[in-house]
Amino acid sequence: TIAAIFKHGSRTSLLQIAPLAWQVIETLEAMPESRSNSLIRKLRCKLLCRVGLVNLKPRLALWRYSLGSRSTQTADQAKASQASGSPSAKQEEGGAKLPSSEYDEDDDDVDCIEEIEDLIGSLLEDLCDK
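Residues numbered from 1 in each chain as written. Predicted model: local features only at pLDDT ≥ 70, side-chain atom pairs only at ≥ 80, totals over all residues. Heavy atoms only, no water.

**What to know about the packing of helix α4 (residues 38–55) against helix α7 (residues 114–127)**
The criterion, for reference: Axis lines are fitted through C-alpha atoms, for helices just across the contact stretch, and the angle between N-to-C directions can take any value from 0 to 180 degrees. Working definition: helices are DSSP H or I runs of at least four residues, strands are E runs of at least two. Numbering for both runs from the N terminus. Note that the term roughly parallel is reserved for angles under 35 degrees, roughly antiparallel for angles over 145, roughly perpendicular for angles of 65 to 115, and oblique for everything else. What makes a crossing left-handed is the near helix being turned counterclockwise from the far one by less than a right angle; a clockwise turn instead makes it right-handed. Should any heavy atoms of two residues lie within 4.5 Å, those residues are counted as being in contact. As a working rule, the residues Ala, Val, Leu, Ile, Met, Phe, Trp, Tyr, Cys and Pro are called nonpolar, Asp, Glu, Lys and Arg charged, and the rest polar, with Gly in that last group.
Axis separation between α4 and α7 bottoms out at 10 Å; the angle between their running directions is 150 degrees. Relative to α7, the element α4 lies roughly antiparallel. The crossing of α4 and α7 is left-handed. For the pair α4 and α7, the contacting residues are Arg-44, Cys-45, Leu-48, Cys-49, Val-51, Gly-52 and Asn-55 in the first and Ile-116, Leu-119, Ser-122, Leu-123 and Asp-126 in the second. Split into classes, the residues belonging to the contact of α4 with α7 amount to seven nonpolar, three polar and two charged.

**Some points on the pattern of salt bridges**
Keep this limit in mind: Counted as salt bridges are all cases of a side-chain nitrogen of Lys or Arg within 4 Å of a carboxyl oxygen of Asp or Glu.
Taken as a whole, this structure holds two salt bridges when the rule is applied. A salt bridge links Arg-44 to Glu-29; the nearest nitrogen and oxygen atoms lie 3.4 Å apart. With Arg-44 in helix α4 and Glu-29 in helix α2 (residues 11–30), this residue pair connects regions lying 15 residues apart in the sequence. Across the pair Arg-44 and Asp-126 runs a salt bridge whose closest N-O atoms are separated by 3.0 Å. One end of the pair, Arg-44, is in helix α4; the other, Asp-126, is in helix α7, with 82 residues separating them in the sequence.

**Describing the nonpolar core**
The line we're drawing: Each nonpolar core is a collection of buried residues, namely Ala, Val, Leu, Ile, Met, Phe, Trp, Tyr and Cys, held together in the definition by side-chain atoms within 4.5 Å. Burial status follows relative accessibility: with a 1.4 Å probe on protein chains alone, a residue under 20% of its type maximum counts as buried, one over 50% as exposed, and anything between as partly exposed.
Grouped together as the largest cluster of nonpolar side chains are 13 residues, with contacts concentrated most on Phe-6, Trp-22, Ile-25, Leu-47, Leu-48, Val-51 and Leu-119. If you list the elements that add at least two residues to this core, you get α1 (2–8), α2, α4 and α7. Here this core takes five residues from α2, the largest share from any one element. Aside from chain neighbours lying at most four places away, what touches Val-51 is Phe-6, Ala-18, Ala-21, Ile-25 and Leu-119.

**Some points on the state of the cysteines**
What counts is decided by this rule: We call a pair of cysteine sulfur atoms a disulfide whenever their separation is within 2.5 Å.
Within this structure, the stated rule accounts for zero disulfides. Looking at Cys-49, it has no disulfide partner, and the nearest cysteine sulfur is the one in Cys-45, 4.6 Å off. Classification of Cys-49 by relative accessible area gives partly exposed; the value is 36%.

**A closer look at the side chain of Arg-44**
Inclusion rule: In the analysis that follows, any N or O atom pair within 3.5 Å is treated as a polar contact, provided that within protein one partner can donate a hydrogen and the other can accept it, and provided that, for residues neighboring in sequence, both atoms belong to side chains.
Judged by relative accessible area, Arg-44 falls into the buried class, the value being 6%. Side chain to side chain, Arg-44 and Glu-29 meet in a polar contact 3.4 Å long. Looking at Arg-44, its side chain comes within polar contact range of the side chain of Asp-126, at 3.0 Å. In this structure Arg-44 touches Ile-25, Leu-28, Glu-29, Ser-122 and Asp-126, once residues within four positions along its chain are discounted.

**Focus: the side chain of Ser-34**
Examined against the element boundaries, Ser-34 turns out to sit in helix α3 (residues 33–36). We classify Ser-34 as buried; its relative accessible area is 6%. Of the polar contacts made by the side chain of Ser-34, one reaches the backbone oxygen of Met-31; its length is 2.7 Å.

**Notes on the layout of surface pockets**
Selection criterion: Throughout, the protein atoms alone are placed on a 1 Å grid, and a set of points is a cavity if a 1.4 Å probe fits but cannot get out or a pocket if it is open with protein on both sides within 12 Å along at least five of seven lines; lining residues have an atom within 4 Å of a point. Grid points are joined across faces, edges and corners, and a volume is the space filled by probe spheres set on the points.
Quantified by volume, the second largest pocket comes out at close to 180 Å³. In terms of lining residues, the second largest pocket is bounded by Glu-29, Ser-34, Arg-35, Ile-40, Arg-41, Arg-44, Ser-122, Glu-125, Asp-126 and Asp-129. Tallied by class, the residues present in the lining of the second largest pocket amount to one nonpolar, two polar and seven charged.

Quick look at the structure:
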């Protein structure tokens, strides 16, 4: 299905066909059969979500860069050097740090395109569906 393509496809190639998928969604919404068929409404909602996620800008997860070391060998070495009071062990313990230019915690404002606003409106209508 189209939703499966949007799930497994690469974002850069899907951005080119996102307007076509939006037309398919609008066509499904205009069909009189979609009002009575819950499966069509469910698949339309699924496609709405996937198209919306493709249109949004990806964000890097901050927690991804602060997990610390995962290897038992490096963890044992860090414990041994920490016991000896080495300052390098404290630096290794914190994990890799992300430069502040790539991720900004205060950057919660996302510039939404008009399709995203329409998409959110359609999703809210689908939530009210019984």
